[in-house]
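# Reading the structure
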Amino acid sequence: MRKLLNEKRPIEAMEAHSGLSALLVHNSKYDAVWESSLTDSAIKGLPDIELVSEDSRLATIREIRMATNKPIIVDWDTGGQLEHIAHWVKELERVGVNAIVIEDKQFPKKNSLLEDASHSMEDVDVFCEKIKRAKSVAKDIMIVARIESLIAKRSVYDALIRADAYVNAGADAILIHSKEQVSATEVLEFAERFKENHKIPLIAIPTTYTLPEGHQFDIVIYANHMLRASLKAMQEALEGKAELASVQDIFNIVG
Ligand code: SPV
Ligand code: MG
């Protein structure tokens, strides 16, 4: 991941939620895999509320690691309890994860894109302690601090204050999340001001907005596209409308 960041900007990461979807991403133009809490929950028929167990998440991550040697960025939600975070960072690094993202909401978080959800932000000092504990055991795995100020309807200023604190706590990269519709105004303003003071990589998840050419983000995550594509295809198949892949297409991918 760190090597790739020296070679290419922006890195583009595509979501995968299974061995099969990871094989498809492996054979695509995308540089890295995003292992999403939303899609890893949805594929099990569950809401994205930190309900899927860590062991279950790890099993999916292992499937993905078997399918591709591209970098894997894992969405580890809030990171859970402060006392547990070091354990999970070691475990994720052991299974071959390249970057772990933890977000500054309180456990159990709700999905950031959920309409009308209220979100409780974590105390800045508590979140900094999570970053420090994660960093204290990380060897090569990157620790990414994800800022949810804009999701929680706080200001760009609040996000910038948090970013300073998280960089000082040792974060290797910052992810600024937003669900601004269509225009990317607030993340672009954040990026411009963040880049004035910090050199570490900056990450965006443009699900509800589009980034313009020449943006300053170092990693761009397409967070749910493989699951959304397969959901639509499955619904169309049930309505008798879909053009199905052949069984040979499956053999061609998995052998
Ligand atoms: C995910 O893919 O699980 C994410 C991104 O965390 S979002 O769904 O936009 O919160
Ligand atoms: Mg998530």
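The following refers to the structure shown. Starting afresh in each chain, residues are numbered from 1 along the sequence in its written order. The lettering of chains begins at A and the numbering of ligands begins at 1, in the order of writing. Side-chain atom pairs in this predicted model are given and counted only at pLDDT of 80 or more, local residue features only at pLDDT of at least 70, and totals for whole chains, interfaces and linings cover all residues. Only heavy atoms go into the side-chain values, all of them from the structure, while hydrogens and water stay out.

## Let's talk about the overall build of the protein chain
- Secondary structure is summarised from DSSP: a helix means a run of H or I of at least four residues, a strand means a run of E of at least two, and numbering begins at the N terminus for each. Along the protein chain, the regular secondary structure elements total 10 helices and eight strands.
- The C-alpha radius of gyration computed for the protein chain amounts to 18 Å, which stays within 12% of the reference 18 Å derived for 255 residues, consistent with globular compactness.
- Overall size of the protein chain, expressed as C-alpha extent along the three principal axes, is 55 × 40 × 35 Å.
- The buried share of the protein chain, reckoned over its 255 residues, is 50%. For the radius of gyration, the atoms used are the C-alpha atoms, and the globule rule reads 2.2 Å times the number of residues raised to 0.38. Partly exposed describes any residue whose relative accessible area lies between the buried limit of under 20% and the exposed limit of over 50%, with all areas from a 1.4 Å probe on protein chains only and scaled to the type maximum.

## Description of the environment of Ala99
- Here Ala99 is to be found in strand S4 (residues 99-103).
- It is 12 Å that separates the C-alpha atoms of Ala99 and Trp88, two residues lying 11 residues apart in sequence.
- We call two residues in contact when some of their heavy atoms are within 4.5 Å. Apart from the residues within four sequence positions on either side, Ala99 is in contact with Ile72, Ile73, Val74, Ile141, Met142 and Val144.

## Let's talk about the coordination of the magnesium ion (ligand 2)
- Note that water is not among the atoms considered, so a metal site may appear incomplete; the donors listed are N, O and S atoms within 2.8 Å of the metal, with 3.2 Å applied to Na, K and Ca. Around the magnesium ion (ligand 2), the protein contributes the donor atoms Ser37 (OG) and Asp75 (OD), which lie 2.0 to 2.1 Å from the metal centre. Of this pair, Ser37 sits in helix H3 (residues 37-42) while Asp75 sits in strand S3 (residues 72-75), and the two are 38 residues apart along the sequence.
- For Ser37, a relative accessible area of 3% puts it in the buried group.

## Focus on the site of ligand 1
- Here a residue counts as near a molecule or strand whenever at least one of its heavy atoms sits within 4 Å of it. In the vicinity of ligand 1, the residues found are Trp34, Ser36, Ser37, Leu38, Asp75, Asn111, Ser112, Leu113, Arg146, His177, Ile205 and Ala223.
- Between N or O atoms, a polar contact is any pair within 3.5 Å; within protein, one atom must be a potential hydrogen donor and the other a potential acceptor, and residues adjacent in sequence are included only when both atoms are from side chains. Between Arg146 and ligand 1, the recorded distance is 2.7 Å, taken from a side-chain N or O atom to an oxygen atom.
- Within the side chain of His177, a nitrogen or oxygen atom sits 2.7 Å from an oxygen atom of ligand 1.
- Applying the majority rule of atoms within 2 Å of the grid points places ligand 1 in the largest cavity.
- Amino acids are sorted into nonpolar (Ala, Val, Leu, Ile, Met, Phe, Trp, Tyr, Cys and Pro), charged (Asp, Glu, Lys and Arg) and polar (every other residue, Gly among them). Considering only residue class, the shell around ligand 1 consists of five nonpolar, five polar and two charged. Here a cavity denotes grid points, spaced 1 Å and computed from the protein atoms alone, that fit a 1.4 Å probe unable to get out, and a pocket denotes an open set having protein on both sides within 12 Å along at least 5 of 7 lines; residues with an atom within 4 Å of a point are the lining. In this description, a molecule resides in a pocket or cavity if more than half of its atoms sit within 2 Å of the grid points defining it.

## Thoughts on empty space enclosed by the protein
- Grid points are joined across faces, edges and corners, and a volume is the space filled by probe spheres set on the points. Across all of its chains, the model carries one cavity of 30 Å³ or more by this definition.
- Roughly 140 Å³ of internal volume is contained in the largest cavity.
- Considering only residue class, the lining of the largest cavity consists of five nonpolar, seven polar and seven charged.

## Some thoughts on helix H7 (residues 156-168)
- Helix span, as expected, comes to 1.5 Å for every residue beyond the first. For H7, spanning 13 residues, the distance from its first C-alpha to its last is 18 Å, which sits close to the expected 18 Å at 1.5 Å a residue.
- Among the residues of H7, those classed as buried are Val156, Asp158, Ala159, Leu160, Arg162, Ala163, Ala165, Tyr166 and Val167.
- Those residues of H7 hidden inside the fold are in contact with helix H6 (124-137), strand S5 (142-147), strand S6 (173-176) and helix H8 (185-197).
- Taken from the residues just after H7, Gly170 is the one with a positive phi, measuring 115 degrees.

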